[in-house]
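Letter by letter, the chains look like this.
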Amino acid sequence: MAIVTPIETPPGARRRLSLANPATLEPIGEIEVQTEDDAKAAVEVARKAQREWGTLSFADRARVMQRALRILLDRQDDFIDVVLRETGKTRSEALMMEIFATCDSLNFYSKNAAKILKTQKLKLHGLMRLMKQARITYRPLGVVGVISPWNGPLILSMNPSVQALMAGNAVVLKPSEVTPFSGKMVAELFEQAGLPDGLFRVLTGDGETGAALTRAGVDKISFTGSVATGRKVAVACAEQLIPCTLELGGKDAMIVCADSDLDNAAGGAVAGSFMNTGHYCCGTERVYVVDDIASEFTDKVVERVSKLRQGAEGEFDVGAIFWPNQLDVIEDHMSDAIAKGAKVACGGRRNPDLVGLFYEPTVITDVTHDMKIMTEETFGPILAIMRVRDEEHAIEMANDSPYGLGGNVWTRDKQRGIEIAERIESGSVCVNDMTMTYGIQEAPFGGRKNSGVGQVNGETGLRGYCHAEPIIVDRMGGKQAAKMYPASRKQDDGMQKFMRMLWGTSLGRRLG
Ligand code: NDP
């Protein structure tokens with residue numbers, strides 16, 4: 001059952017797609033696939049609107065974001081309904097991962113952008129400070145293209161947009177073809193909040209529309225999605241010499257140390273792995289547990305996972321697979337692992353009792369690094385557990401991956417946990433918690449290795465939507481530059497003498 005189906009359209013007309021709810025398979029609407037011309041027109045309109053927006057004070061911009069926050073709080077059930085219809089996730093996940101996180105983003109950046117982006121006076125070093133003054137001004141880039149995936153359709157569209165807008169840019173958003181209605185809700189929210197006309201535009205469509213946006217004249221692309229598409233976006237940006245951030249896939253490892261609290265670790269493994277049906281970029285996909293405690297830990301995990309309720313209505317713990325392509329990946333990884341000797345401890349099949357796209361919460365053991373389930377992103381409700389000799393072996397296995405997005409370590413010894421975290425080759429690591437760095441607004445978030453380029457969020461992320469422009473002022477009104485010519489040997493000799501005095505003596509080096 002396709003969740004996104006092309007609709008037949010007359011020759012020359014725009015392509016259209018019809019969408020269905022993955023949990024119930026009921027139709028939920030249609031979208032138009034917007035073209036290259038649409039993308040260019042959206043960027044042009046956005047650029048015009050940005051000129052004035054870019055001159056407003058942070059307080060003026062923050063007022064719009066604060067209004068959006070109040071509207072979102074009032075209308076949260078409408079937003080949740082839209083997210084649930086197009087993803088089939090649980091209500092609690094929509095509430096926490098989408099609404100709560102979006103409210104936090106709106107409030108954080110509207111409160112902190114002025115502080116993070118205020119003009120900075122630079123304290124220059126040595127004698128330079130006697131001659132020059134310097135300041136850094138954070139200037140908006142212009143129009144930012146935001147391209148978002150289907151697993152967090154509201155937060156992953158809103159969070160980059162809020163940051164780009166607070167920094168003074170316009171935004172053109174291209175949400176996933178699987179979740180376009182959440183993207184449209186973002187536009188509706190900003191419109192109700194009073195964002196100037198044209199400043200925020202949404203393009204609906206599929207990959208072709210995304211590709212068109214990357215070439216429509218934007219000044220930066222903020223991309224969240226798969227490694228394969230990220231590479232295409234990187235090429236498009238490189239060809240135009242525009243910056244991009246690429247927040248890509250992951251294969252997060254969890255390390256369970258011999259001294260960890262096994263109940264907490266088992267609970268953390270289940271939360272990290274099954275949240276959002278496992279469609280979580282920082283989801284726990286690989287668990288490395290020290291041999292001595294592996295049986296007890298695995299029993300505790302299996303006991304918890306066997307009790308997870310799956311469904312489409314009412315109260316349940318694990319929702320649908322958001323679209324059939326991911327179900328194919330999950331089934332491929334599972335059959336590859338089983339064929340190579342892995343054992344299914346629970347789950348391991350589509351849920352036969354539900355009509356939609358459901359895969360049972362699954363625990364799989366006896367896995368090795370010859371299996372796709374341990375090396376490629378599965379992005380589903382699957383928890384793979386591997387026994388390791390000791391913590392050193394766990395670190396080695398955790399680092400044996402082309403990905404490096406998140407990860408987590410469980411131990412009663414906090415300091416040891418931090419030391420292990422520092423040795424994991426990953427964008428971020430949590431100690432005694434599922435990976436939730438994206439939810440900590442102050443923390444820069446981004447992957448290493450194939451998991452991405454650049455960082456979003458916090459000071460680093462917000463400044464990434466600006467050009468940091470140094471402005472240098474000569475303290476002597478330009479006398480020094482004016483004396484540059486004619487060049488003379490005498491002047492060079494003087495300079496060499498000065499350099500020997502400056503860096504050739506310990507006092508000079510201290511002052512220099
Ligand atoms: P995709 O890479 O398939 O799609 C991401 C977005 O890019 C979609 O809007 C898609 O449109 C669009 N797109 C497709 N082709 C192109 C193109 N040639 N040029 C520009 N844009 C294009 O990812 P998914 O939507 O499948 O999302 C899941 C992936 O996202 C997982 O790998 C997950 O780990 C990762 N992710 C990473 C996060 C992070 O912060 N590091 C956070 C969340 C998810 P359309 O869908 O319409 O084809």
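Residues numbered from 1 in each chain as written. Predicted model: local features only at pLDDT ≥ 70, side-chain atom pairs only at ≥ 80, totals over all residues. Heavy atoms only, no water.

A. Layout of the sheet that holds strand β2 (residues 16-20). Within the open sheet, the 3 strands sit side by side as β1-β2-β3. Their pairing is antiparallel. Here the strands that pair on one side only, and so sit at the sheet edges, are β1 (4-7) and β3 (27-32). With direction set aside, neighbouring strand axes in the sheet form an average angle of 25°. Both β2 and β3 contribute to a ladder of 5 bridges, which runs antiparallel. (Pairing = 2+ DSSP bridges. Helix = DSSP H or I, 4+ residues; strand = E, 2+ residues; numbered from the N terminus. Axes fitted to C-alpha atoms, helices over the stretch in contact; angles between N-to-C directions.)

B. Fine view of the pattern of salt bridges. Enumeration according to the criterion identifies 31 salt bridges in this entry. For D60, the salt bridge is made with R63, and the minimal N-O distance between the two is 2.4 Å. One end of the pair is D60 and the other is R63, both in helix α2 (residues 58-74) and 3 residues apart, which spans about a single turn. Its relative accessible area of 47% is what places R63 among the partly exposed residues. Between K449 and E425 there is a salt bridge whose closest N-O contact spans 3.3 Å. Separated by 24 residues along the polypeptide, K449 in strand β19 (residues 448-449) and E425 in the loop between α15 (414-423) and β18 (430-431) bring together distant segments of the chain. On the accessibility criterion, E425 (36% relative accessible area) is partly exposed. One continuous salt-bridge network, built from bridges that share partners, spans R14, R16, E30, E32 and D38. (Salt bridge = Lys/Arg side-chain N within 4 Å of Asp/Glu carboxyl O. Buried < 20%, exposed > 50% of the residue type's maximum accessible area, 1.4 Å probe, protein only.)

C. Focus on the side chain of T362. Structurally, T362 is set in strand β14 (residues 362-365). Residues in contact with T362, not counting those within four places in the same chain, are F274, V305, M334, V344, C346, G347, G348, P381, I382 and L383. (Contact = heavy atoms within 4.5 Å.)

D. Summary view of the packing of aromatic side chains. Enumeration according to the criterion identifies 6 aromatic pairs in this entry. Geometrically, the ring pair formed by Y438 and F445 is edge-to-face, given 5.0 Å between the ring centres and 90° between the ring planes. Among the aromatic side chains, those forming a connected cluster through ring pairs are W150, F322, W323 and F379. The ring of F58 is capped by R61, whose NZ or CZ atom sits 5.1 Å from the centre of that ring. Sitting over the face of the ring of Y465, K220 holds its NZ or CZ atom 4.8 Å from the ring centroid. (Phe/Tyr/Trp six-rings, centres within 6.5 Å; stacked < 30°, edge-to-face > 60°. Lys NZ or Arg CZ within 6 Å of the ring centre and 35° of its normal.)

E. View of the nonpolar core. Counting residues in each nonpolar core, the largest one holds 135 residues, and the members touching the most others are I221, F297 and V301. Tallying contributions element by element places helix α4 (residues 91-117) first for this core, with 9 residues. In this structure, this core is formed jointly by two domains, domain 1 (3-247) and domain 2 (252-443), each of which donates at least three residues. Residues L156, M434, F445 and V456 belong to the second largest nonpolar core, which totals 11 residues. (Core = buried A, V, L, I, M, F, W, Y, C linked by side-chain atoms within 4.5 Å. Domains from an automatic or database assignment.)

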